[in-house]
Amino acid sequence: MIRADPGPGVADGVPRVLPGADPAAIREAAALLRAGGLVAFPTETVYGLGADALDPAAVARIFAAKERPSFDPLIVHLADAADLADHADPADAADPRVARLASRFWPGPLTRVLRKRDHVPGIVTAGLPTVGLRVPDHPVARALIRAAGVPVAAPSANRFGRVSPTRASHVVRGLGSRVRLVLDGGPCRVGVESTVVLLADGRAALLRPGGVAKEAIEAEIGPLEVPAPGAPGSAALAPGGSGVHYAPGAHLEIVDPFEPAAAHRLRAGPGERLGLLAMSAAGAEAARAAGGPFVAQHVLAADGDPVIIAARLFEALHDLDAAGLDRIVAQPVSTVGIGRAVMDRLRRAALDA
């Protein structure tokens, strides 16, 4: 784990929260980034903890603030698609699939992993020859990057392995004085992190499911390799691809309430504070009929709409986490479309089981 001096990235007390729509707040945050400090800011996926991607000392402060291991690479956020060529290997940048995906999905929740240019610091890429690049689809994020005049390395603005933040209040609660300034852009629209696709040296592989469906990407560039879970090197290439991730404080289990054999897992034990994360109203009804009592419960989408489920997933986990639960039972969803990303997050949140 990297340890860094606090520098301008960390201040005493609670962080200042400023409205992201305020041009003065953007200017202040941009100046802090240029000075080597940390700024939390909204994207359409989750809130990011940003630093100047070309300043190794500033990037080290991200790892220190998050308690993130140095083997986990970071995504570099750009203001415009045209900036990709400044940081990616020319051969990879010239791959026609790169331009096709940029035209279709940028700005948006898609990260491309390409071979990097030499000036991108090794601390950003965990020593790998590749770098993850994306253009976020949030006006506050893009205004900040433009005003700073530097690419911004930014993982999610939370402690390593914990639930990703989708509101400014989640950042404040999770990081506290580890970040000086938070730009508040309201709740995140997509709610799960970006899809990560490797397009280096002619390959095309899905490294992490996310806000853009695998099927939509394949419709543009053809089939993607999907490395098996735990395949050598696949997790290392993807930001946020390591082990337990997205986990609330309570033990999380994935339980299908429509499976009679799983009913015992839906019941609270003696003195146990049990929470329910249902994907639909029907799922909640089935869980209540088979188990409980539930101290706290969330129904993410009454009709089971996977887009709404993804947008509300992390916020519901934050709320359940605040209820002081011992265990959370979560209903699974289909892995079609963005449901693949939802199940990826739930499975990794449950890995401490």
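Bear in mind the structure is a predicted one, so any value in this text is a computation, not a measurement.

Conventions and cut-offs
- Residues numbered from 1 in each chain as written.
- Predicted model: local features only at pLDDT ≥ 70, side-chain atom pairs only at ≥ 80, totals over all residues.
- Heavy atoms only, no water.
- 1 Å grid on protein atoms, 1.4 Å probe; cavity = no way out; pocket = protein on both sides within 12 Å on 5 of 7 lines; lining within 4 Å.
- Points joined across faces, edges and corners; volume = space filled by probe spheres on them.
- Nonpolar A, V, L, I, M, F, W, Y, C, P; charged D, E, K, R; others polar.
- Helix = DSSP H or I, 4+ residues; strand = E, 2+ residues; numbered from the N terminus.
- Buried < 20%, exposed > 50% of the residue type's maximum accessible area, 1.4 Å probe, protein only.
- Pairing = 2+ DSSP bridges.
- Axes fitted to C-alpha atoms, helices over the stretch in contact; angles between N-to-C directions.
- Contact = heavy atoms within 4.5 Å.
- pLDDT = per-residue confidence, 0-100.
- Phe/Tyr/Trp six-rings, centres within 6.5 Å; stacked < 30°, edge-to-face > 60°.
- Lys NZ or Arg CZ within 6 Å of the ring centre and 35° of its normal.
- Core = buried A, V, L, I, M, F, W, Y, C linked by side-chain atoms within 4.5 Å.
- Arc of directions from axis to C-beta.

Chemist: Just checking my understanding: could you explain empty space enclosed by the protein for this structure?
Modeler: Take a probe with the size of a water molecule and roll it over the atoms, and the empty space left behind shows itself. Inspection of the entire model under this criterion finds 6 cavities of 30 Å³ or more. The space that makes up the largest cavity amounts to roughly 220 Å³. Lining the largest cavity are 20 residues, and of these Ala154, Pro155, Ser156, Glu193 and Arg208 sit closest to its centre. Looking at side-chain class alone, the lining of the largest cavity contains 7 nonpolar, 9 polar and 4 charged residues.

Chemist: I keep staring at the layout of surface pockets and nothing clicks. Help me out?
Modeler: Each pocket or cavity is described by its volume, and for the second largest pocket that value is around 230 Å³. Every residue along the wall of the second largest pocket is listed here: Asn158, Arg159, Arg162, Val163, His170, Arg173, Gly174, Ala247, His318, Asp321 and Ala322. Contributing elements (two or more residues each) for the lining of the second largest pocket: helix H7 (168-175) and helix H11 (306-321). With 3 residues, H7 is the single largest residue contributor to the lining of the second largest pocket.

Chemist: Would you mind going over unusual backbone geometry with me for this structure?
Modeler: Residues apart from glycine generally show negative phi values, whereas peptide bonds are mostly found in trans. Following Trp106, the chain continues into Pro107 via a peptide bond in cis, with omega recorded as -5°. Note on placement: Pro107 falls in the loop between helix H4 (96-105) and strand S5 (110-115). Note that the residue after Gly292, namely Pro293, is joined by a cis bond; omega there is 0°. Mapped onto the elements, Pro293 comes out in the loop between helix H10 (281-290) and strand S13 (296-299). For Ala126, which is not glycine, the phi dihedral falls at a positive 60°. Relative to the helices and strands, Ala126 is located in the loop between helix H5 (122-125) and strand S6 (130-134). The class of Ala126 is partly exposed, set by a relative accessible area of 27%. The backbone of Asp201 sits at a positive phi, close to 55°, despite the residue not being glycine. With respect to the helices and strands, the residue Asp201 is situated in the loop between strand S9 (195-198) and strand S10 (205-208).

Chemist: Would you mind going over the pairing of S10 with me for this structure?
Modeler: Consecutive side chains along a regular strand alternate between the two faces of the sheet. By the bridge criterion, 3 bridges tie S9 to S10 in an arrangement that is antiparallel. Bridging across to S10, Val196 finds its partner in Arg208. Counted along the chain from S9 to the antiparallel partner S10, the turn is 6 residues long, and its residue Asp201 has a positive phi close to 55°.

Chemist: Honestly, the sheet that holds strand S12 (residues 274-278) in this entry has me stumped. Any pointers?
Modeler: The strands making up a sheet associate through backbone hydrogen bonding, with each pair oriented either parallel or antiparallel. Strand order in this open sheet of 4 strands is S11-S14-S12-S13, and the pairing throughout is parallel. Edge positions in the open sheet fall to strand S11 (251-254) and S13, since each of these has one partner strand only. On average, each strand axis in the sheet is inclined to that of its neighbour by 15°, with strand direction left out of account. Relative to S13, S12 is paired through 4 bridges, and the arrangement is parallel. Along S13, the bridge assignment pairs Leu276 with Gln297.

Chemist: Explanation requested: the sheet that holds S9 in the structure shown.
Modeler: Read across the sheet, 10 strands follow the order S1-S8-S2-S3-S7-S4-S6-S5-S9-S10 without closing on themselves; strand pairing throughout is mixed. Of all strands in the sheet, those bounded by a partner on one side alone are strand S1 (16-19) and S10. Two strands pair when backbone bridges link them, and strand S3 (residues 48-52) and strand S7 (residues 152-153) are joined in this way by 2 bridges, in the antiparallel orientation. Paired with Ala51 across the two strands is Ala153, which belongs to S7. Across the sheet, helix H2 (residues 56-66) is in contact with S3 and S7; its angle to S3 comes to roughly 155°.

Chemist: How should the confidence of the model for the chain be read in this particular structure?
Modeler: Where the model shows low pLDDT, its predicted coordinates should not be examined in detail. Scored by pLDDT, the chain comes out at a mean of 92, with 92% of its residues at no less than 70. Here residues 1-7 is a poorly scored stretch, pLDDT under 50, and it has 14 contacts once near neighbours within four places are set aside; other chains count.

Chemist: How should I be thinking about the packing of aromatic side chains in this particular structure?
Modeler: What characterises a pair of aromatic rings is the spacing of the ring centres plus the angle enclosed by the ring planes. Considering all chains together, one arrives at 0 aromatic pairs under this definition. In this structure, Arg112 packs its charged tip against the face of Trp106, placed 3.8 Å from the ring centre.

Chemist: Looking at this structure, I do not really get the nonpolar core. What am I missing?
Modeler: Ranked by size, the top nonpolar core spans 44 residues in total, and within it Leu133 and Ile217 carry the most contacts. When residues of this core are traced back to their parent elements, those giving at least two are S3, H2, H4, S5, S6, H7 and helix H8 (214-221). Looking at this core element by element, the count peaks at 5 residues for H2. Grouped together as the second largest cluster of nonpolar side chains are 29 residues, Val163, Ala250, Ile338 and Val342 included.

Chemist: What is the right way to read H8 from this model?
Modeler: Because an α-helix packs 3.6 residues into every turn, residues spaced three or four apart end up facing the same way. Regarding H8, the residues found buried are Lys214, Ile217 and Ile221. Taken down its axis, H8 places every buried residue within 65° of arc, on the same side. Gly222, located one to two residues past H8, shows a positive phi value of around 95°.

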